[in-house]
Amino acid sequence: MVADRNYSGRRTLKLFRKLAIAGLFALGFSGSAHADEGAIGLWTMDSGKVTVRIAPCGANLCGSIVGLAKPLNKEGQPKRDKKNPNEALRSRPVMGLTILSNMKPAGENKWKGTIYNADDGKTYASYMKLGGSVMKVKGCVGPFCKTMKFHRTTKFVRTN
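What you see is a predicted model, and the numbers here were worked out from it, not measured in a lab.

## Observations concerning the overall build of the chain
When helices and strands are tallied, the chain shows 2 helices and 8 strands. Tracing the chain from N to C terminus, the helices and strands come up as α-α-β-β-β-β-β-β-β-β. Out of the 160 residues belonging to the chain, those deemed buried represent 29%. In the chain, of all internal contacts separated by at least 6 residues, the share reaching a separation of at least 24 is 41%. When the accessible surface of the chain is totalled, it reaches about 11,000 Å², and 58% of it is carbon and sulfur.

## Some remarks on the environment of Ala69
Structurally, Ala69 can be placed in the loop between β3 (60-68) and β4 (98-105). Each C-alpha atom, one on Ala69 and one on Thr51, is 8.5 Å from the other, the two residues being 18 residues apart in sequence. Not counting the four nearest positions on each side in its chain, Ala69 is found in contact with Gly48 and Lys49.

## Digging into the pairing of strand β1 (residues 41-45)
Of all 5 residues in β1, 5 are buried; the element is thus mostly enclosed. Linking β1 to strand β2 (residues 50-57), which pair antiparallel, is a turn of 4 residues; within it Gly48 sits at a positive phi near 80 degrees. With 4 bridges connecting them, β1 and strand β8 (residues 144-153) associate as antiparallel partners. Its bridge partner being in β8, Thr44 is matched across the sheet by His151.

## Quick look at the confidence of the model for the chain
For the chain, the average pLDDT comes to 81, and 73% of its residues sit at 70 or higher. Within the model, pLDDT remains below 50 along residues 7-36, and this stretch shows 2 contacts once partners closer than five positions in the same chain are excluded.

## Section: the pairing of strand β6 (residues 122-131)
Pairing between strand β5 (residues 110-117) and β6: 8 bridges, direction antiparallel. Paired with Ile115 across the strands is Tyr124, a residue of β6. Hairpin connection between β5 and β6: a loop of 4 residues separates the two successive antiparallel strands, and Gly121 in this loop has a positive phi of roughly 75 degrees. In terms of strand pairing, β6 meets strand β7 (residues 134-141) through 7 bridges, oriented antiparallel. Its bridge partner being in β7, Ser126 is matched across the sheet by Gly139. Linking β6 back to β7 in an antiparallel pair, the connection comprises 2 residues, with Gly132 at a positive phi of about 70 degrees.

Reading the values: rules and limits
- Residues numbered from 1 in each chain as written.
- Predicted model: local features only at pLDDT ≥ 70, side-chain atom pairs only at ≥ 80, totals over all residues.
- Heavy atoms only, no water.
- Helix = DSSP H or I, 4+ residues; strand = E, 2+ residues; numbered from the N terminus.
- Buried < 20%, exposed > 50% of the residue type's maximum accessible area, 1.4 Å probe, protein only.
- Contact = heavy atoms within 4.5 Å.
- Areas by Shrake-Rupley, 256 points an atom, 1.4 Å probe, with all protein chains shown as cover.
- Pairing = 2+ DSSP bridges.
- pLDDT = per-residue confidence, 0-100.

This is the structure we're talking about:
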């Protein structure tokens, strides 16, 4: 009888270990998925006007436009970077344009770099702060800043 109890105890312990490992494995692939992503991924502006893909670029992060609510101008042509100070760049499409550049870590869930605004053709100091599935992006000129709120998304419509 003593031998049976030891065998049964070892089987129970093995089963418990397998269940514990399976549970930890499942947690690693479900609940913590968004927490581990950080800022990398797709983000849609609160207004729905633009969707940006944040991705690594070198050691830092960059953000490019991958979706626009209104991708065409009044003439029905794709929107262009017509206010760019560099004349040679004014014909490039806004779709695909890198607007967040050189975003370096600046604390936990914070980055700083630059943001390009195709609406006025200017580049501003920029700060990103991640809070769950919401990212606040600030563009600043001196002490004056404008904050935009983005929400993590998994879908977008790319229109050329």
